[in-house]
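Remarks on the overall topology
So you can see what is in the structure, the chains are spelled out below.
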Amino acid sequence: MAAGYLDILRARHAARLLTGTLVGRLPNGTAHIAIVLFTRAEGGSYTLAGALAAAYGLATAVGQPLLGRAVDLYGQPRVQLPAAVVSALGMSLLAFTGLSSLPLAYLAVIVAGVATPPLEGGLRALWPSVLKGEGQVNRAYAMDAVAQEIMFTVGPLLVTVLVSLWSPAAALLVINAIGVLGALSVVLSEPSRTWRSAPREAHWLGALRSPGLLALLGAFFFVGLALGSITVAGVAYADDHGRESVYGWLMAALGLGALIGGLAYGARQWAGAPERRLRYIVGLLALGYLPLTLTPSVPVMTALAALAGVFLAPAIACSFIVVDRHAPRGTVTEAFSWLVTTFGVGAAAGTAVAGPAVELGSTAWSFAVAGAGGVAALAVLLSTGRVLAAPSRTPAVVTGSENDRNGAVEPGFSSGHKA
């Protein structure tokens with residue numbers, strides 16, 4: 001297993017691109033906790049902190065696909081780095097002006113959110129030009145999903161350390177300065193500088209004109225909803241057991257499960273249609289969420305949380321392949337950015353629904369939201385099977401015009417091999 005991942009990291013530019021992207025995404029991965037801590041330190045209420053964080057999240061959801069389309073049209077360096085700088089300036093404005101003017105505070109977080117560079121989608125567009133063969137590309141997608149879990153664990157910890165050593169304002173400034181350096185590292189690399197999207201058909205819908213992509217986005221809205229609801233349900237479960245540490249254990253177990261699942265998924269090559277494989281994985285993901293509604297003792301619940309997380313990273317990694325196959329020609333970065341946006345909006349919706357579920361019902365009801373989200377995601381994939389079975393174009397991993405120098409292919413397709 002480890003040898004396959006080491007082969008990827010040894011590939012020229014791979015380690016730099018992965019590290020630079022993760023570092024560049026730190027501001028986005030830590031923004032919500034950084035905004036909340038800053039607002040509270042400035043004397044603002046939890047309601048205001050939540051509203052500012054929500055404004056940032058919605059602005060990011062709007063900006064990602066727009067900037068992703070700009071990357072496809074104008075290249076990575078001309079979009080990613082300026083966006084990172086503008087986003088950092090937005091957060092710096094918040095850090096320096098505080099809450100003295102609420103309209104200015106909202107403007108600052110909205111600018112920071114809209115300008116968040118689409119580094120995540122950009123990295124996935126670059127993998128085929130850096131790695132050799134479909135096996136390495138697919139494994140890189142899995143490693144990418146695992147790396148996200150690590151970032152979302154380490155990032156908040158880094159923010160709290162910076163807050164304790166200096167201040168919440170300093171944390172905002174340092175995290176965003178680091179983010180700009182990460183983006184700079186990516187755009188100065190040869191793959192980023194030379195990458196060009198395939199020629200695209202002019203269409204106002206861009207990537208969204210693909211029925212298959214729309215079906216996938218619909219499914220992953222509900223996957224995001226499931227994950228977002230678990231964050232609220234976990235807090236309610238911890239309150240029921242009178243220990244705040246219980247929440248940390250549940251989230252850590254969920255992340256550990258995703259880490260194990262992602263590593264195992266990427267350790268082997270998968271034959272056959274990724275769309276069909278995705279249905280099986282999402283089905284198992286939904287099945288893993290359902291037992292959480294039992295809300296058993298803390299040790300058992302922790303084990304169930306780890307089990308529930310096992311299929312999350314594989315589902316995300318497999319979705320990357322499906323996005324690549326269904327994105328219209330010349331829209332690959334935009335398509336990946338839409339996946340990020342849809343997943344994030346779904347998570348926000350899950351957070352919003354799980355709260356009332358706890359208040360109107362019980363903790364079990366809030367975990368039931370997660371189970372329902374998983375089932376709904378599977379239902380979308382099953383009901384749109386015919387659409388997903390017909391990719392709108394040859395995927396980027398086999399298209400030389402997408403800057404692929406290796407001619408990688410997905411097993412079962414384009415290679416003449418039948419699953």
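Here the residue numbers are simple positions, counted from 1 along each chain's written sequence. Two thresholds apply to this predicted model, a pLDDT of at least 70 for residue-level local features and 80 or more for giving and counting side-chain atom pairs, whereas whole-chain, interface and lining totals are computed over all residues. As a rule here, side-chain values cover all heavy atoms of the structure and leave hydrogens and water aside.

Concerning the overall build of the protein
Short version of the rule: By the criteria applied, helices consist of DSSP H or I runs no shorter than four residues and strands consist of E runs no shorter than two, each listed in order from the N terminus. For every residue, the accessible area obtained with a 1.4 Å probe (protein chains only) is divided by the maximum for its type, and the residue is called buried under 20%, exposed over 50%, and partly exposed between those limits. In this analysis, two residues are considered to be in contact whenever any of their non-hydrogen atoms come within 4.5 Å of each other. A 1.4 Å probe and the Shrake-Rupley method give the accessible areas. Residues count as covered only by the protein chains that appear here.
Of regular secondary structure, the protein possesses 18 helices and zero strands. Counting every position in the protein, which comprises 419 residues, the buried fraction comes to 55%. Look at the contacts in the protein between residues 6 or more apart in sequence, and 83% of them connect residues 24 or more apart. Accessible area for the protein stands at about 16600 Å²; split by element, carbon and sulfur atoms hold 69% of it.

With respect to the confidence of the model for the protein
The criterion, for reference: Each residue gets a pLDDT score, which is the predictor's confidence in that residue and runs from 0 to 100.
Of all residues in the protein, 89% attain a pLDDT of 70 or more, and the chain-wide mean is 83. Within the protein, the element-level pLDDT minimum falls on helix α1 (residues 2-10), averaging 72, and the maximum on helix α5 (residues 77-97), averaging 95. Contacts from residues 394-419, a stretch scored under 50 in pLDDT, to residues over four places away or in other chains number 73 contacts.

Focus on the pattern of salt bridges
To be explicit about the condition: We define a salt bridge as a side-chain nitrogen of Lys or Arg found within 4 Å of a carboxyl oxygen belonging to Asp or Glu.
Evaluation of the coordinates by the stated rule reveals four salt bridges. The salt bridge partner of E190 is R12, with a shortest N-O separation of 3.6 Å. A residue pair is termed long-range when its members are at least 10 positions apart, and E190 in helix α10 (residues 190-194) and R12 in the loop between α1 and α2 (14-24) qualify at 178 residues. Here R12 falls in the exposed class, since its relative accessible area comes to 61%. The residue E275 makes a salt bridge to R325 at a minimum N-O spacing of 2.8 Å. Placement of the pair is E275 in helix α13 (residues 274-289) and R325 in helix α15 (residues 312-326), with a sequence separation of 50 residues.

Describing the packing of α13 against α15
Selection criterion: Under this scheme, a helix contributes an axis fitted over its contacting stretch, all axes are lines through C-alpha atoms, and angles between N-to-C directions fall in the 0 to 180 degree range. An angle counts as roughly parallel when it lies under 35 degrees, as roughly antiparallel when it exceeds 145, as roughly perpendicular when it falls between 65 and 115, and as oblique in every other case. Working rule for handedness: look at the near helix, and if it is turned counterclockwise from the far one by less than a right angle, call the crossing left-handed; if clockwise, right-handed. Gly counts as polar in this scheme, as do all residues outside two lists: the nonpolar Ala, Val, Leu, Ile, Met, Phe, Trp, Tyr, Cys and Pro, and the charged Asp, Glu, Lys and Arg.
Running from N to C, α13 and α15 point in directions that differ by 150°, and their axes come no closer than 9 Å. On the basis of the axis angle, α13 is roughly antiparallel to α15. Where α13 crosses over α15, the handedness of that crossing is left-handed. Contact residues: P274, E275, R277, L278, I281, V282, L285 and Y289 in α13; L312, P314, A315, C318, S319, I321, V322, R325 and H326 in α15. Class assignment of the residues belonging to the contact of α13 with α15 gives a composition of 12 nonpolar, two polar and three charged.

Considerations on the packing of α5 against helix α6 (residues 102-114)
Across the interface, α5 lies against α6 with an axial gap of 7 Å and an inter-helix angle of 155°. Judged by the angle between their axes, α5 and α6 are roughly antiparallel. For the pair α5 and α6, the sense of crossing is left-handed. Contact residues: V86, S87, G90, M91, L93, L94 and T97 in α5; L104, A105, A108, V109, V111 and A112 in α6.

Regarding the packing of aromatic side chains
Short version of the rule: Pairing of aromatic side chains here covers Phe, Tyr and the six-membered ring of Trp, requires ring centres within 6.5 Å, and sorts the geometry by plane angle: under 30 degrees stacked, over 60 edge-to-face, intermediate tilted.
Taken as a whole and judged by the stated rule, the model has four aromatic pairs. Taking the centre distance of 6.5 Å and the plane angle of 75° together, the rings of Y237 and F367 count as edge-to-face. One end of the pair, Y237, is in helix α11 (residues 211-240); the other, F367, is in helix α17 (residues 363-383), with 130 residues separating them in the sequence. Each member of the pair, Y237 as well as F367, carries the same accessibility label: buried.

Details of α6
The line we're drawing: The span expected for a helix works out to 1.5 Å for each residue beyond the first. Note that the arc is computed from the directions linking the helix axis to the C-beta atoms.
Taking 1.5 Å as the rise per residue, α6 with 13 residues should run 18 Å; its terminal C-alpha atoms sit 18 Å apart, in good agreement. Listed as buried for α6 are A105, A108, V109, A112 and G113. Viewed along the axis of α6, the buried residues span an arc of 125°, placing them on a single side of the element.

Notes on the environment of A105
Structurally, A105 can be placed in helix α6. Exposure remark for A105: the relative accessible area of 0% places this residue in the buried category. Counting along the chain gives 10 residues from A105 to A95, while the straight-line C-alpha distance between them is 9.1 Å. Residue contacts for A105: discarding those within four places in its chain leaves L52, L94, G98 and L99.

Considerations on a nonpolar patch on the surface
Operational definition: Patches here: salt-bridge-free residues with over 30% relative accessible area, like charges joined within 9 Å, nonpolar side chains (Val, Leu, Ile, Met, Phe, Trp, Tyr) joined within 5 Å.
Side chains of L157, V161, L165 and W166 sit close together on the surface and give an oily, nonpolar patch of about 450 Å² of accessible area. Here W166 lies in the loop between α8 (133-165) and α9 (168-187). Here W166 falls in the exposed class, since its relative accessible area comes to 57%.

Description of unusual backbone geometry
Apart from glycine, the bulk of residues carry a negative phi angle, and the bulk of peptide bonds sit in the trans form. One non-glycine residue, H13, adopts positive backbone phi at about 80°. Mapped onto the elements of the fold, H13 is located in the loop between α1 and α2.

What to know about the side chain of T384
Secondary-structure assignment places T384 in the loop between α17 and α18 (385-388). The exposure class assigned to T384 is buried, which follows from its relative accessible area of 18%.

Digging into the nonpolar core
For the record, the criterion: Grouping buried Ala, Val, Leu, Ile, Met, Phe, Trp, Tyr and Cys residues that are joined through side-chain atoms within 4.5 Å yields what is termed a nonpolar core.
Counting 106 residues, the largest nonpolar core has L131, F220 and Y289 as the members making the most contacts within it. Considering each element in turn, this core owes the most residues, 13 residues, to α11.

Notes on the environment of L214
By the secondary structure assignment, L214 is in helix α11. Along the sequence, L214 and L388 sit 174 residues apart, while their C-alpha atoms lie 9.4 Å from each other.

Description of the environment of M91
For M91, the position within the fold is in helix α5. M91 sits in the buried class, given a relative accessible area of 2%. On a C-alpha basis, the gap between M91 and I110 in space is 9.3 Å, while along the polypeptide they are 19 residues apart. Residues within four places of M91 in sequence aside, it is in contact with A31, I35, Y56, A108, A112, L172 and N176.

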